[in-house]
Amino acid sequence: MRKLAIILFFNCAVYGIAQQNQIGSTTGKDSAGSPDTSQKHEIIARNLLKERGWIKNRNSALVRGIEGYVKGVYTGADKIYLLFEIQNRKNISYDIESISFITSPLETGRREIETEEKVYVPIYTNQPQTIGKKSSQKIVYVFDKFTIADNKNLLFIMTETDGERTIVLTVTPKQISQAEFVN
């Protein structure tokens with residue numbers, strides 16, 4: 001219940017920042033005429049959309065016809081790139097209300113290890129407003145570089161506008177620490 005309250009509290013703030021930083025916006029060049037650092041991660045993010053992803057197993061969630069996959073975790077230019085694929089198998093489009101990235105403590109046996117939860121805000125994304133009926137969309141989220149402790153997971157939570165199809169995907173600390181280098 002505590003996690004749900006935190007998720008709902010931060011969803012609006014995270015979604016607003018993500019929508020302001022869409023792929024395709026231009027940020028300019030530095031004084032030497034080369035792309036500045038903020039534009040470099042945009043270029044890398046666009047290139048990652050062509051990738052198939054390196055994570056192949058135990059990386060999906062299916063909720064009422066909406067299937068989500070963690071396809072890859074990448075690093076480069078002092079950023080972390082998370083590649084997801086969301087498939088809509090139904091005849092009803094999926095309108096994205098909010099996304100959030102929070103750390104969640106691991107459960108061991110019957111006990112949950114109490115640790116502080118942290119919210120991560122993407123600095124850039126190509127997230128669409130809607131995933132059309134019977135379609136698939138690859139989404140890249142860019143973060144300033146970070147790591148998480150071995151006793152936590154990073155949860156990606158995507159909620160639907162006026163609906164109850166909520167996708168929750170897990171990114172493990174091992175996947176983050178073994179992120180593939182991109183340039």
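Each remark here, short or long, concerns the structure printed above.
Model, not experiment: these values are computed from the prediction.

K.L.:
Would you explain the side chain of S98 in this entry?
P.N.:
The topology assignment puts S98 in strand β4 (residues 94-105). A distance of 2.6 Å separates polar atoms of two side chains, one belonging to S98 and the other to T159.

K.L.:
Looking at this structure, how should I read unusual backbone geometry?
P.N.:
Most peptide bonds are trans, and most residues other than glycine sit at a negative phi. With phi around 45 degrees, R64 is a residue other than glycine that occupies positive phi space. Take R64: it is sitting in the loop between β1 (60-63) and β2 (66-76). The backbone of K134 shows a phi angle near 50 degrees, a positive value even though the residue is not glycine. Along the chain, K134 falls in the loop between β9 (130-131) and β10 (135-144). Looking at K134, the relative accessible area reads 57%, which means it is exposed.

K.L.:
I keep staring at the packing of aromatic side chains and nothing clicks. Help me out?
P.N.:
Across all of its chains, the model carries nine aromatic pairs by this definition. Pairing Y141 with F156 gives two aromatic rings, centres 5.5 Å apart and planes at 50 degrees, and the pair type is tilted. Placement of Y141 in strand β10 and of F156 in strand β11 (residues 152-160) is noted, with a sequence separation of 15 residues between them. Under the relative-accessibility criterion, Y141 is labelled buried at 0%. A relative accessible area of 1% places F156 in the buried class. Members of the aromatic cluster, connected to one another through ring pairs, are F84, F101, Y120, Y141, F143, F146 and F156. When the ring centre of Y69 is taken as reference, the NZ or CZ atom of K71 above it lies at 5.4 Å.

So, how was this worked out
- Residues numbered from 1 in each chain as written.
- Predicted model: local features only at pLDDT ≥ 70, side-chain atom pairs only at ≥ 80, totals over all residues.
- Heavy atoms only, no water.
- Helix = DSSP H or I, 4+ residues; strand = E, 2+ residues; numbered from the N terminus.
- Polar contact = N/O pair within 3.5 Å; in protein donor to acceptor, adjacent residues only side chain to side chain.
- Buried < 20%, exposed > 50% of the residue type's maximum accessible area, 1.4 Å probe, protein only.
- Phe/Tyr/Trp six-rings, centres within 6.5 Å; stacked < 30°, edge-to-face > 60°.
- Lys NZ or Arg CZ within 6 Å of the ring centre and 35° of its normal.

Any link to function would need more than the numbers given here.
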